[in-house]
Amino acid sequence: MTANIAARAAIVREVGAPWTIENVEISAPRADEVLIKMVGTGICHTDTACRTGFPVPMPIVLGHEGSGIVEAIGSGVTKVKVGDHVVLSFDSCGECLNCNKDQPAYCYTFYPRNLAGVRASDGSAQITQDGKPINGLFFCQSSFATYALARELNTVVMDKSLPLDILGPLGCGIQTGAGAAVNALGILPGESLAIFGGGAVGLSALLGARAVDAGAVIVVEPQAGRRALALELGATHVIDPKETPDTLAKIKELVGGVNYALDTTGIPAVMAAAVEALLPKGVLGLLGVPPPEATVPANMMSMLIRGITVRYIVEGDADPQEFIPRMAGWYKAGKFPFDKLIGKFPFDQINEAAHAAEKGGVIKPVLIF
Ligand code: CXF
Ligand code: ZN
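First, a word on scope: everything that follows refers to the structure included in this document. (Residues numbered from 1 in each chain as written. Chains lettered and ligands numbered in written order. Predicted model: local features only at pLDDT ≥ 70, side-chain atom pairs only at ≥ 80, totals over all residues. Heavy atoms only, no water.)

1. Regarding the packing of helix α4 (residues 173-184) against helix α10 (residues 320-332)
Now for step 1: It is the contact of α4 with α10, at a shortest axis distance of 11 Å, that shows an interaxial angle of 90°. With respect to their mutual orientation, α4 and α10 come out roughly perpendicular. Across from Ile174, Gln175, Ala178, Gly179, Val182 and Asn183 in α4, the residues of α10 making contact are Pro320, Phe323, Ile324, Arg326, Met327 and Trp330.
Now for step 2: A per-class count over the contact of α4 with α10 returns 8 nonpolar, 3 polar and 1 charged. (Axes fitted to C-alpha atoms, helices over the stretch in contact; angles between N-to-C directions. Helix = DSSP H or I, 4+ residues; strand = E, 2+ residues; numbered from the N terminus. Parallel < 35°, antiparallel > 145°, perpendicular 65-115°, else oblique. Contact = heavy atoms within 4.5 Å. Nonpolar A, V, L, I, M, F, W, Y, C, P; charged D, E, K, R; others polar.)

So this is what it looks like as structure tokens:
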């Protein structure tokens with residue numbers, strides 16, 4: 001295949017502008033690339049953050065939780081076949097120190113490969129409109145379009161018995177939350193976890209913790225519907241921080257303290273409570289995007305005497321080729337009901353879907369093509 005492919009794509013033309021669905025051309029796959037006809041794509045908070053100011057070049061086609069069917073492959077592709085059902089995840093170089101240590105989320109070239117809008121190899125565009133480049137390659141996929149171009153490296157082949165239309169969020173938001181609990185914290189059966197924020201990432205952390213038989217899992221979340229869902233998904237306790245602002249005291253009252261905590265809010269005061277809720281040798285994982293000027297609000301002596309670790313976690317410390325099929329296996333075994341987080345919308349209702357997620361009416365919107 002050498003000719004460009006005609007596609008419809010949701011474009012953000014400038015910071016804060018709504019998505020507009022327009023005709024574009026997608027280039028034919030190069031040697032290491034894969035062309036995918038999209039079936040579904042999740043909307044992640046990062047898509048919304050980029051639409052409203054997280055620094056990416058404009059105009060751009062966002063979208064980084066795509067699933068679909070392989071339409072064409074480049075000449076060097078060996079592990080992905082035409083007709084395969086696939087989930088798209090983030091890109092990495094496969095060669096740097098961290099990639100060689102099976103930590104591709106910390107690839108030395110993560111930013112240019114996933115957020116720069118053009119091919120990392122030569123700065124070329126994958127998407128054009130009337131011959132003019134449009135920024136694409138968002139997480140090496142730009143899946144808010146009827147066709148996406150990815151690399152073989154970030155294309156994960158899935159079992160065809162799975163519901164392909166809703167698999168896309170396994171490639172980012174669900175991987176981020178579940179992987180944080182399972183890979184990064186390495187939570188063991190019986191160990192306890194407090195999760196601050198019950199959105200898609202926080203509830204995915206809960207799903208991951210349950211899949212590996214964690215002990216007490218407490219979800220701190222102001223929205224009643226999300227707290228109810230957390231209980232349905234296996235949280236042992238929920239806390240409404242509006243009704244109980246001293247969440248630290250409440251966690252101590254409920255379970256005495258926790259082995260691990262995850263903050264998905266990025267709010268410094270929430271992080272401060274999370275650090276103090278930890279038992280000795282506890283680990284706090286940070287997943288939320290903080291205000292740009294925020295600094296760490298923790299008491300060092302208090303951390304010292306308990307031997308506390310605080311760390312940021314990207315993409316759940318996951319190797320997508322290994323972790324996405326692992327989550328799918330848990331789903332098939334009835335141990336990871338991620339479908340309960342998902343609300344489906346037609347692709348052309350992308351603005352309405354993102355709005356519903358921001359307002360809390362849906363946890364994880366998935367656009368269906
Ligand atoms: C992102 C969060 C912002 C930094 C890059 C990774 N994770 C998922 O959307
Ligand atoms: Zn994401």
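2. Notes on the site of ligand 1
Now for step 1: Taken together, the residues surrounding ligand 1 are Cys44, Thr46, His64, Phe110, Cys172 and Glu315.
Now for step 2: Between His64 and ligand 1, the recorded distance is 3.3 Å, taken from a side-chain N or O atom to an oxygen atom.
Now for step 3: Here ligand 1, which alone exposes 280 Å², has 76% of that area covered by the protein. (Near = heavy atom within 4 Å. Polar contact = N/O pair within 3.5 Å; in protein donor to acceptor, adjacent residues only side chain to side chain. Areas by Shrake-Rupley, 256 points an atom, 1.4 Å probe, with all protein chains shown as cover.)

3. Side note on the packing of α4 against helix α5 (residues 200-211)
Now for step 1: Running from N to C, α4 and α5 point in directions that differ by 45°, and their axes come no closer than 7 Å. On the basis of the axis angle, α4 is oblique to α5. Judged by the twist between their axes, the crossing of α4 over α5 is right-handed. Touching Gly173, Ile174, Thr176, Gly177, Ala178, Ala181 and Val182 of α4 are Val201, Ser204, Ala205, Gly208 and Ala209, all from α5. (Left-handed = near helix turned anticlockwise from the far one by under 90°.)

4. Some points on the sheet that holds strand β4 (residues 60-61)
Now for step 1: Ordered by their spatial adjacency, 5 strands build an open sheet running β4-β1-β2-β7-β8, and the pairing between neighbours is antiparallel. Strands with a single pairing partner mark the edges of an open sheet, and in this sheet they are β4 and β8 (132-134). (Pairing = 2+ DSSP bridges.)

5. Structural notes on the environment of Phe347
Now for step 1: Structurally, Phe347 is set in the loop between β17 (342-346) and α11 (350-359).
Now for step 2: Of the residues examined, Phe347 reaches a relative accessible area of 8% and is grouped as buried.
Now for step 3: For the pair Phe347 and Ala145, spaced 202 residues apart in sequence, the C-alpha to C-alpha distance is 8.5 Å.
Now for step 4: Excluding residues within four positions of it along the chain, Phe347 makes contact with Arg8, Ala9, Ala10, Ile21, Phe144, Ala145, Leu367, Ile368 and Phe369. (Buried < 20%, exposed > 50% of the residue type's maximum accessible area, 1.4 Å probe, protein only.)

6. Quick notes on the nonpolar core
Taken as a class, soluble globular proteins show a tendency for nonpolar side chains to be buried jointly.
Now for step 1: Core analysis: the biggest nonpolar cluster contains 50 residues, and Leu193 and Phe336 have the highest contact counts within it.
Now for step 2: Every element with two or more residues in this core is listed here: α4, β11 (193-196), α5, β12 (217-220), α6 (224-232), β14 (258-263) and α10.
Now for step 3: The dominant element in this core, judged by the number of residues it contributes, is α5, at 7 residues.
Now for step 4: Residues contacting Phe336, with those up to four places away along its chain left out, are Leu170, Ile174, Ala178, Ser204, Leu207, Gly208, Ala211, Met327, Trp330 and Tyr331.
Now for step 5: If you look at the next biggest cluster of nonpolar residues, it comprises 41 residues, including Phe90, Tyr147, Phe347 and Ala357. (Core = buried A, V, L, I, M, F, W, Y, C linked by side-chain atoms within 4.5 Å.)

7. A word on the packing of aromatic side chains
Now for step 1: Tallying each qualifying case throughout the model produces 9 aromatic pairs.
Now for step 2: Plain terms: the ring middles of Phe90 and Phe110 are 5.7 Å apart, the flat faces sit at 50° to each other, and that makes the pair tilted. With Phe90 in the loop between β6 (85-88) and α2 (97-100) and Phe110 in helix α3 (residues 110-115), the pair connects residues that are 20 residues apart, well separated along the chain.
Now for step 3: Among the residues examined, Phe90 registers a relative accessible area of 2% and is labelled buried.
Now for step 4: Ring geometry for Phe347 versus Phe369: centroids 4.6 Å apart, planes at 35°, classification tilted. Here Phe347 is found in the loop between β17 and α11, whereas its partner Phe369 is found in the segment after β18 (364-368), with 22 residues between them in sequence.
Now for step 5: Pairwise contacts between aromatic rings join Phe323, Trp330, Tyr331, Phe336 and Phe338 into one cluster.
Now for step 6: Stacked on the ring of Trp19, the Lys or Arg Arg51 has its end atom at 5.3 Å from the ring centre. (Phe/Tyr/Trp six-rings, centres within 6.5 Å; stacked < 30°, edge-to-face > 60°. Lys NZ or Arg CZ within 6 Å of the ring centre and 35° of its normal.)

Honestly, that's just the spatial picture; any functional story needs more than this.
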